[in-house]
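# Coordinate analysis (summary)
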Amino acid sequence: MNMKNELGRAVYKALQRLDIPMNDQAAISKNAFKIEYPENPEHGDFSCNVAMVFAKGLKSAPKVLAEKIVTELEKDLTSDLNFVESISVAGLGFINFKIKDRVFAEKILEIVHGGAEYGWGNSGAQKKVIVEYTDPNIFKVFHIGHLMSNAIGESLSRLIQGSGSHVTRLCYPSDIGLHIAKSIWAMKKHADEIPADDSSSHKKTDFLGKMYVEGTNSYEPDNSGKSAKSEIDELNRVIYEKNSAEVNALYEKGRKWSLEHFESLYATLGTKFDENIYESEMAPQGLQIVKSHIGKVFQESEGAVVFKGEEHALHTRVFISSQGLPTYEAKELGLNVTKFKKYPDTNESIIITANEQNEYFKVVLKSLSMIDNNVASRTKHIGHGMLRFASGKMSSRTGNVVTAEALISDIKNLVMEKISDRDFSATEKDEIAEVVAIGAIKYTILRQAIGSDVIFDSSASISFEGDSGPYLQYAAVRAGAILEKVKIGESKVKNQTKTLPENVSLLEKLITRFPDLVERARNEYAPQRIANYLITLAGAFNSYYASNKIIDDQDPLSSYRINLTQAFLTTMTNGLWLLGIKVPKKM
């Protein structure tokens, strides 16, 4: 039974019985009013704004209308609403529902009997969704912006999976462009310093990062006015045309190193992409699409081909350069058309990038809508904020960019210091530190709305108490340790409970909300709803643990409390999975 849905149906029936006119489109919908969870638990377990919605149209005070609806609803307390303890009116006209405590207790046992799938729904069943995220640049470092995109994209992918949809994870690495020409130009100058193929991944990627910085600096005029711009521009053309064996060899070497490094990071972060679609592959498609729509969507301008965005309250962007090369915009068109050719049954395609590309994507998607609206209408861009540091700086950098590897390493070292006195082996400490460090970083990113900037405080991020990923992991580890002490099989734990508590705590009520929160977070593309919920849930468990003895052979409620602990662990583990965060074996 979904109590929220049952309450919604009961309210809708009450409106019908009261002959409340529902003529306009909003009123006809059962979603015209909302069933919510009150911020203050003392106000009940559910709250409904139905009287506030219809009072004005009926020329009635919301509170008076609410009282009429409550009178009607109370007729159902022995039938449709037999799980409701009481119904009342609060404030200006909110209707509050108090659910019977036994219903929550029984729900906990259902959760434990249901196994590890608790929280997953089927509202997205039969749907196919593409999520494109991370999109690093070959020959450049994997920086904290890519880390932001990866954490958000992975969490959204898991939320969509949690609703029953099939998810295809795509990555669009940039493997062509001026940034590569800058790097290879510098590599040619430092040919005798190129690391051997059997060198460490760190040495290879560090070298590539330095080459990019040098090439970028040389592209701009120095104090004397000299620059390597013309050489690098020519090298960019050579790379594109692939007509130099020397350049091709350097390109393939750097490309291979970068991709191997990215795959290593994805494994650390818990992401497995179904496919990489490379920017170089999209150049011919993008060029053909733009050329075939000149005069209809695009216009020639000073030797280039542009989209006049001002005609659509946007801005003009170049899609084919004056050298006849497809720009990133053209390749983006090729990519999005290609996605739907490769995966023709896709219902939705989501793209995650930094929000500095928001205006860019408005232009791209507008032009795409004029070319193939079937693709554009199913494509959604989500822009995320920037990751900034409370200290204003970090120790490990390449150029002025903070690498993801450096951030993970720094936080991992802090965690190692924190657990240095624990009685764990060196291998255990290393594994725990990595899992906790990744959890700390991901939680900090995901706890805020996707479009907001994130202020990263290294010390606060690894706290085992308060608003942090490790706090959630620690609560799960504590629950697991309790269940380990039970020393009986899971099926035996399930079947022993005969005595239920007369009164339940906030913990039971929060656990039963989880499936609804998952669906809402997915519908709103809002992982922060899960993150914030889990913090409240962990606090409720810690309070319960502090005031109740879970394992007590003399207490008839002990078996129920063990089941409640299992239900909490299942909910917390599944919630953390939605955020892409693992639960360590120990902490």
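Residues numbered from 1 in each chain as written. Predicted model: local features only at pLDDT ≥ 70, side-chain atom pairs only at ≥ 80, totals over all residues. Heavy atoms only, no water.

### Let's talk about the overall build of the protein
Which entries qualify depends on this criterion: Each helix is a run of H or I in the DSSP string that is no shorter than four residues. Each strand is a run of E no shorter than two, and both are numbered from the N terminus. Buried residues are those whose accessible area, probed at 1.4 Å on protein chains only, stays under 20% of the maximum for their type, while exposed residues exceed 50% and partly exposed ones sit between those limits. A contact between two residues is defined here by any heavy atoms of the two lying within 4.5 Å.
Looking only at helices and strands, one finds 22 helices and 16 strands in the protein. Dimensions of the protein, computed from the C-alpha atoms along their principal axes, are close to 85 × 65 × 40 Å. Each of the 587 residues in the protein was classed as buried or not, and the buried ones make up 53%. Put simply, 73% of the contacts in the protein that link residues at least 6 apart link residues at least 24 apart.

### So, the pattern of salt bridges
Note the cut-off: By definition, a salt bridge exists where a carboxyl oxygen of Asp or Glu is found within 4 Å of a side-chain nitrogen of Lys or Arg.
Going through the model one piece at a time under the given rule, you end up with 37 salt bridges. As a salt-bridge pair, Glu-72 and Lys-75 come within 3.3 Å of each other at their nearest N and O atoms.

### Side note on the sheet that holds strand 12 (residues 379-384)
This is how it is decided: DSSP bridges decide pairing: two strands pair if at least two such bridges lie between them. Note on geometry: axes are C-alpha line fits, over the in-contact stretch for helices, and angles between N-to-C directions span 0 to 180 degrees.
Taken in spatial order, the 5 strands line up as 7-6-5-11-12 in an open sheet, and their pairing is parallel. Lying at the two open borders of the sheet, with one neighbouring strand each, are strand 7 (275-276) and strand 12. Bridge analysis of strand 6 (residues 166-171) against strand 7 gives 2 bridges, and the strand direction is parallel. Residue pairing across strands places Cys-171 opposite Asn-276, the latter belonging to strand 7. Across the sheet, helix 13 (residues 358-371) lies against strand 11 (348-354) and strand 12, angled at about 170° from strand 12, the strand it touches most.

### Looking at unusual backbone geometry
Despite not being glycine, Thr-134 has its phi angle at roughly 80°, a positive value. In this structure, Thr-134 sits in the loop between strand 5 (128-132) and helix 6 (144-162).

### Notes on the side chain of Glu-332
Let me state the cut-off plainly: Note on charges: Lys and Arg go in the positive column, Asp and Glu in the negative column, and His and the chain ends are not counted at all. Pairing of N or O atoms within 3.5 Å defines a polar contact, subject to two protein rules: one partner must be a possible hydrogen donor and the other a possible acceptor, and residues neighboring in sequence count only if both atoms are side-chain atoms.
By the element assignment, Glu-332 lies in helix 12 (residues 328-342). Within the buried core, Glu-332 has no salt-bridge partner, and the shortest N-O distance to an opposite charge, that of Lys-339, equals 5.5 Å. In terms of polar contacts, Glu-332 uses its side chain to reach the side chain of Tyr-360, at 3.4 Å. Each residue touching Glu-332, except ones within four places of it in the same chain, is listed here: Tyr-172, Ile-351, Tyr-360, Phe-361 and Val-364.

### Brief notes about the environment of Lys-189
Along the chain, the position of Lys-189 falls in helix 7 (residues 178-189). Take Lys-189: its relative accessible area is 52%, and that puts it in the exposed class. Between the C-alpha atoms of Lys-189 and Met-211, which are 22 residues apart in sequence, the distance is 9.4 Å.

### A few points about the environment of Ala-228
Note on placement: Ala-228 falls in the loop between helix 8 (201-219) and helix 9 (229-241). For Ala-228, a relative accessible area of 7% corresponds to the buried category. When the C-alpha positions of Ala-228 and Ser-218 are compared, they lie 5.6 Å apart, and in sequence the two are 10 residues distant. Excluding residues within four positions of it along the chain, Ala-228 makes contact with Trp-185 and Ser-218.

### With respect to the side chain of Ser-244
Within the secondary structure, Ser-244 sits in the loop between helix 9 and helix 10 (245-269). Within the local environment of Ser-244, its side chain forms a polar contact with the backbone nitrogen of Val-247, the two atoms lying 3.3 Å apart.

### Some words on a nonpolar patch on the surface
Stated precisely, the cut-off is as follows: For patch detection, residues must exceed 30% relative accessible area and be free of salt bridges, and they are connected within 9 Å for like charges or within 5 Å for nonpolar side chains (Val, Leu, Ile, Met, Phe, Trp, Tyr). Areas reported as accessible are Shrake-Rupley estimates using a 1.4 Å probe. Residue values count occlusion only from the protein chains shown.
On the surface, a nonpolar cluster with roughly 280 Å² of combined accessible area is contributed by Met-52, Leu-92 and Phe-94. Accessibility expressed as a relative area gives 30% for Met-52, which makes it partly exposed.

### Thoughts on helix 3 (residues 50-58)
Put simply, the test is: In this context, the arc is that of the directions from the helix axis out to the C-beta atoms.
Buried residues of helix 3: Val-50, Ala-51, Phe-54 and Ala-55, and no others. Along the long axis of helix 3, the arc covered by the buried residues comes to 125°, so they all point the same way. With respect to the buried face of helix 3, the exposed residues turned more than 90 degrees away are Lys-56 and Gly-57. In the segment just after helix 3, Lys-59 is the residue with positive phi, at about 55°.

### Some points on the packing of helix 7 against helix 8
Keep this limit in mind: In these notes the angle categories are as follows: under 35 degrees is roughly parallel, over 145 is roughly antiparallel, 65 to 115 is roughly perpendicular, and the rest is oblique. Lys, Arg, Asp and Glu make up the charged group, whereas Ala, Val, Leu, Ile, Met, Phe, Trp, Tyr, Cys and Pro make up the nonpolar group; the residues left over, Gly among them, are polar.
Interaxial distance between helix 7 and helix 8 falls to 7 Å at its minimum, and their mutual angle equals 105°. Here helix 7 lies roughly perpendicular to helix 8, going by the angle between them. Contacts from Leu-178, His-179, Lys-182, Ser-183, Trp-185, Ala-186, Met-187 and Lys-189 in helix 7 reach Phe-207, Leu-208, Met-211, Tyr-212, Glu-214, Gly-215, Thr-216, Ser-218 and Tyr-219 in helix 8. Its residues assigned to classes, the contact of helix 7 with helix 8 comprises 9 nonpolar, 5 polar and 3 charged.

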